[in-house]
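# Summary of structural features
Residue strings, one per chain:
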Amino acid sequence: MITIYHNTRCKKSREGLNMLENSGKEFRIREYLKEPLSEKELEDLLGKLAMAPIQLIRTKETIWKEKFQDKDLSDQELINIMTKYPKLIERPIIESKNAAVVGRPIENLENFLKKFSE
């Protein structure tokens, strides 16, 4: 089963959702602003993405700039911040059982869906 971590207010996230809807694949939507990820879920997702926590953070967000930008934070602290401030998580993210991808650029999602069908 595919999961899309979705923010309804984000244009790229809506594009990713539309792509999934048109793919014919079965998926579920997780609006992560309403249902934030736990630290464990974020750690698992980062493993599937093969990313460091800082790579998943939207560093141009006001919350980041005002509260965290100039701090030297550990990976665990960054994960904790994303659980408290899910708006900082890059989007959209599509996850399958064994892999995940951030949909920026949107071509990342296209390639992921092609691999998922192979």
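Treat the numbers as computed from the prediction; the structure is a model and nothing was measured.

Quick notes on the rules
- Residues numbered from 1 in each chain as written.
- Predicted model: local features only at pLDDT ≥ 70, side-chain atom pairs only at ≥ 80, totals over all residues.
- Heavy atoms only, no water.
- Core = buried A, V, L, I, M, F, W, Y, C linked by side-chain atoms within 4.5 Å.
- Buried < 20%, exposed > 50% of the residue type's maximum accessible area, 1.4 Å probe, protein only.
- Helix = DSSP H or I, 4+ residues; strand = E, 2+ residues; numbered from the N terminus.
- Contact = heavy atoms within 4.5 Å.
- Salt bridge = Lys/Arg side-chain N within 4 Å of Asp/Glu carboxyl O.
- Pairing = 2+ DSSP bridges.
- Right-handed = clockwise from strand over helix to strand, strands pointing away.
- Polar contact = N/O pair within 3.5 Å; in protein donor to acceptor, adjacent residues only side chain to side chain.
- pLDDT = per-residue confidence, 0-100.
- Axes fitted to C-alpha atoms, helices over the stretch in contact; angles between N-to-C directions.

What follows deals with the nonpolar core. With 20 residues, the main nonpolar core has Leu42, Leu45, Leu49, Leu56, Met82, Ile89 and Ile93 as its most contacted residues. Of all the secondary structure elements, the ones that give two or more residues to this core are α2 (39-49), α4 (75-84) and β4 (100-102). Ignoring anything within four residues of it in the chain, the contact list for leucine 49 reads Leu56, Ile93, Ala100, Val101 and Val102. Counting eleven residues, the second-largest nonpolar core is a separate cluster that includes Ile2, Leu17, Met19 and Leu109.

Under the definition given, this model contains ten salt bridges. Here lysine 87 makes a salt bridge to glutamate 61, at a shortest N to O gap of 3.8 Å. With lysine 87 in the loop between α4 and β3 (93-95) and glutamate 61 in the loop between α2 and α3 (62-67), the pair connects residues that are 26 residues apart, well separated along the chain. Here glutamate 61 falls in the buried class, since its relative accessible area comes to 14%. In this structure, glutamate 90 engages arginine 104 in a salt bridge whose closest nitrogen and oxygen atoms are separated by 2.8 Å. Of this pair, glutamate 90 sits in the loop between α4 and β3 while arginine 104 sits in the loop between β4 and α5 (107-117), placing them 14 residues apart in sequence.

Another point: the pairing of strand β1 (residues 2-6). Most of β1 sits inside the fold, with five of its five residues counted as buried. Of the two faces of β1, both are covered, the one formed by Ile2, Ile4 and His6 as well as the one formed by Thr3 and Tyr5. As paired elements, β1 and strand β2 (residues 27-31) share five bridges and run parallel to each other. Looking at the pairing, threonine 3 lines up with arginine 28 of β2. Once the chain exits β1 it traverses helix α1 (residues 11-23) before rejoining the sheet at β2, and the crossover so formed is right-handed.

One can find arginine 30 in strand β2. Residue classification places arginine 30 among the buried positions, given a relative accessible area of 3%. A polar side-chain atom of arginine 30 sits 2.9 Å from the main-chain carbonyl oxygen of proline 36. If sequence neighbours within four positions are ignored, arginine 30 has contacts with Thr3, Ile4, Tyr5, His6, Glu35, Pro36, Leu37 and Glu41.

Before going further, it helps to examine the confidence of the model for the chain. Averaged over every residue, the pLDDT of the chain is 94; the share at 70 or more is 98%. The lowest-confidence element of the chain is α5, averaging 85 in pLDDT; the highest-confidence one is α4, averaging 98.

On to the sheet that holds β4, then. The four strands lie next to each other as β2-β1-β3-β4, forming an open sheet whose pairing is mixed. Lying at the two open borders of the sheet, with one neighbouring strand each, are β2 and β4. On average, each strand axis in the sheet is inclined to that of its neighbour by 20°, with strand direction left out of account. In the sheet, β3 pairs with β4 via three bridges, with the strands oriented antiparallel. Looking at the pairing, glutamate 95 lines up with alanine 100 of β4. Across the face of the sheet, α1 comes into contact with β1, β2 and β3 while running at roughly 160° to β1. The strands touched by α2 within the sheet are β1, β2, β3 and β4, with β4 carrying the most contacts at an inclination of about 85°.

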